[in-house]
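Spelled out from the first residue to the last, the chains are:
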Amino acid sequence: MNERRVTLADIAREAGVHVTTVSLALRNHPRLPESTRLRLQNLAKLRGYTPDPWLRALVAYRDKVSSRHSPPTLAYVTNWNTRWGWKQATAHPDFYAGALAKATELGFNLEHFWMREPGLTHGRLSRILYARGINGVIIASHVREIDVTLHFDWDRFSAVKIDYFPHQPELPNVTNNQLQIIRLAMEKIMAAGYRRIGFVIDEGYDITVDNLWRVGFLWEQQKLPAECRIPAYLVPNPVHFDRWFHRYRPEVIISKADFVAEPFRAMALRIPRDVAYVDIFLEDQTGKTAGVRQNHSTVGALAVEMLAEQLQHNKRGVPAIPTTTYVEGTWFDGASCPMPVHAPAAPAKAGAV
């Protein structure tokens, strides 16, 4: 026989409080004194109370379909050199688009705040958000040159960070899985029979992701014979690209189009006849280019989902144990990298990437 489920009403009756008080305590709501919250939380644990998942799902559904006259606002806080400069950068516009779509779906407004407004300090922005009743914050699009610790009154906010900067405070973080992306590209290439694999990456891009691009490349490269291992080519580099290319004779190059388009043109390299090419920042949708598409919009959407969950449970402040959620990339075959390696290649224009 199924045992009777312990309810909020049972806890409230034993504690001598209203059922709403128990509900607030179990959601860790700051409206109640900490002593009251702890007392009721301990009593619920002692009595074996667990929330009803079906009831939670019903409440979530009703919240989703019911219209709100004043939807709550989430802050999307950036720290770029200019207010909208991040919209011209790789990935960042898609982060925002994904966050905006998910916020709208969940019934939130998403409002952009730029931290470099004249006269705006960390403390002042923190006070502005709190005064407006905005207690959910997404930290996004901070250039690495401004890796300054954010001094908000974090105990007032639920917060999530997109990508790596700023490094402090260590908020719950969601980002692309650069380690998986480069390893996936290497695995696909090696499975197709390529052995001499070159990797061209902007050093700043690698620094931005805590060097995970090179880590993943070197990890997979160890599976190749020593004589086939080609050192990564970092941009900028005192050694000209053509010298590196002729010395190591890569069969395939992994990179981003922006980093190799000009060197390919200067050397009149024909893709894939002279060298195959794989893009780990794949945007081409035509099938001409092989590579890994990073799911940037999913990163933004997950950031909002994580923040909404924190708000639901009144989780505020910087967590004692930091967590990072990684979003994997998706591989796409393309004519720029024939698979297997000796497959006949379609004619390509000189220098095409």
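Procedures and definitions
- Residues numbered from 1 in each chain as written.
- Predicted model: local features only at pLDDT ≥ 70, side-chain atom pairs only at ≥ 80, totals over all residues.
- Heavy atoms only, no water.
- Helix = DSSP H or I, 4+ residues; strand = E, 2+ residues; numbered from the N terminus.
- Buried < 20%, exposed > 50% of the residue type's maximum accessible area, 1.4 Å probe, protein only.
- Contact = heavy atoms within 4.5 Å.
- Areas by Shrake-Rupley, 256 points an atom, 1.4 Å probe, with all protein chains shown as cover.
- Lys, Arg positive; Asp, Glu negative; His and termini not counted.
- Charge placed at Lys NZ, Arg CZ, Asp CG, Glu CD.
- Phe/Tyr/Trp six-rings, centres within 6.5 Å; stacked < 30°, edge-to-face > 60°.
- Lys NZ or Arg CZ within 6 Å of the ring centre and 35° of its normal.
- Axes fitted to C-alpha atoms, helices over the stretch in contact; angles between N-to-C directions.
- Parallel < 35°, antiparallel > 145°, perpendicular 65-115°, else oblique.
- Nonpolar A, V, L, I, M, F, W, Y, C, P; charged D, E, K, R; others polar.
- Pairing = 2+ DSSP bridges.
- 1 Å grid on protein atoms, 1.4 Å probe; cavity = no way out; pocket = protein on both sides within 12 Å on 5 of 7 lines; lining within 4 Å.
- Points joined across faces, edges and corners; volume = space filled by probe spheres on them.
- Salt bridge = Lys/Arg side-chain N within 4 Å of Asp/Glu carboxyl O.
- Disulfide = S-S within 2.5 Å.
- Expected span 1.5 Å × (residues − 1).
- Arc of directions from axis to C-beta.

A. How the structure looks around the overall build of the protein chain. Along its length, the protein chain carries twelve helices and twelve strands. Seen along its three principal axes, the alpha-carbon backbone of the protein chain occupies a region of about 80 × 60 × 40 Å. Counting only residues that meet the buried cut, the protein chain has 46% of its 353 residues in that class. Of the contacts formed within the protein chain by residues at least 6 apart in sequence, a portion of 70% connects residues at least 24 apart. Roughly 18,600 Å² of accessible area belongs to the protein chain as shown, and the carbon and sulfur atoms make up 52% of that amount. Between the centroid of the 42 positive side chains of the protein chain and the centroid of its 35 negative side chains there is a distance of 4 Å.

B. Quick look at the packing of aromatic side chains. For the structure on display, the rule yields 17 aromatic pairs. Centre to centre, the rings of Phe 264 and Tyr 277 are 6.0 Å apart; their planes meet at 85°, and the pair counts as edge-to-face. Within this pair, whereas Phe 264 is found in helix α11 (residues 257-266), its partner Tyr 277 is found in strand β9 (residues 276-279), the two being separated by 13 residues in sequence. A residue is classified by how much of its surface remains accessible, and Phe 264, at 0% relative accessible area, is buried. Ring-pair connections join several aromatic residues into one group, and the members of that group are Tyr 233, Phe 241, Trp 244, Phe 245, Tyr 248, Phe 264 and Tyr 277. Over the face of the ring belonging to Tyr 130 we find Arg 156, whose NZ or CZ atom lies 3.8 Å from the ring centre. Of note, Lys 256 hangs over the ring of Phe 259, and the distance from its end group to the ring centre comes to 5.8 Å.

C. Just the packing of helix α1 (residues 8-15) against helix α2 (residues 19-26), in detail. At their nearest, the axes of α1 and α2 sit 8 Å apart, and the two run at 110° to each other. With respect to α2, the axis of α1 lies roughly perpendicular. Of the residues in α2, those in contact with Leu 8, Ala 9, Ile 11 and Ala 12 of α1 are Val 19, Val 22, Ser 23 and Leu 26. Counted by class, the contact of α1 with α2 contains seven nonpolar, one polar and no charged residues.

D. The arrangement of the sheet that holds strand β3 (residues 136-142) in detail. A sheet is described by the order of its strands in space; here six strands give the open sequence β2-β1-β3-β4-β5-β11, paired in parallel fashion. Among the strands making up the open sheet, the edge pair consists of β2 (109-114) and β11 (324-327). On average, each strand axis in the sheet is inclined to that of its neighbour by 25°, with strand direction left out of account. Strand direction decides the pairing type here: β3 and strand β4 (residues 158-162), joined by four bridges, are parallel. Residue Ile 138 lies in a different strand from β4, and its bridge partner there is Val 160.

E. Focus on the layout of surface pockets. One number sums up the size of the second largest pocket: a volume of about 470 Å³. Contributing to the lining of the second largest pocket are 26 residues, with Trp 80, Thr 90, His 92, Tyr 205 and Thr 208 lying nearest its centre. Those elements that place two or more of their residues in the lining of the second largest pocket are α5 (92-106), β3 and α8 (203-208). Broken down by element, the lining of the second largest pocket gets its largest block of residues, three residues, from α8. Here the residues of the lining of the second largest pocket sort into twelve nonpolar, eleven polar and three charged.

F. Representation of the side chain of Arg 37 within the structure. Considering the arrangement of structural elements, one finds Arg 37 in helix α3 (residues 34-46). This buried residue, Arg 37, is left without a salt bridge; Glu 34 holds the nearest opposite charge, at 5.3 Å. Ignoring any residue separated from it by four or fewer positions in sequence, one finds Arg 37 in contact with Ala 25, Asn 28, His 29, Pro 30 and Leu 32.

G. Seen up close, the sheet that holds strand β8 (residues 252-255). Across the sheet, six strands lie side by side as β7-β6-β8-β9-β10-β12; this open sheet has mixed pairing. Looking along the sheet, the strands with just one partner apiece sit at the ends: β7 (233-235) and β12 (330-332). Shown here is a sheet whose adjacent strand axes are inclined to one another by a mean of 20°, direction ignored. Pairing of β8 with β9 involves four bridges; the strand directions are parallel. Residue pairing across strands places Val 252 opposite Ala 276, the latter belonging to β9. Sheet strands touched by helix α7 (residues 178-191): β6 (197-202), β8, β9, β10 (290-293) and β12. Its angle to β8, the strand with the most contacts, is close to 165°.

H. Region of the structure containing the state of the cysteines. Within this structure, the stated rule accounts for zero disulfides. A disulfide-free cysteine, Cys 228 has its sulfur positioned 16 Å from the sulfur of Cys 337, the nearest such atom. Given the relative accessible area of 12%, Cys 228 is considered buried.

I. Broad picture of α3. Between its terminal C-alpha atoms α3 stretches 18 Å, which fits the 18 Å expected from 13 residues at 1.5 Å a residue. Listing the buried residues of α3 in full gives Thr 36, Arg 37, Leu 40, Leu 43 and Ala 44. Projection of α3 onto a plane perpendicular to its axis shows the buried side chains occupying an angular sector of 135°, all on one side. Those residues of α3 that are exposed and angled more than 90 degrees off the buried face are Glu 34, Ser 35, Asn 42, Lys 45 and Leu 46. Looking at the packing, one finds that the buried side of α3 touches α1 and α2. Remark: Gly 48 follows α3 within two positions and exhibits a positive phi of approximately 75°.

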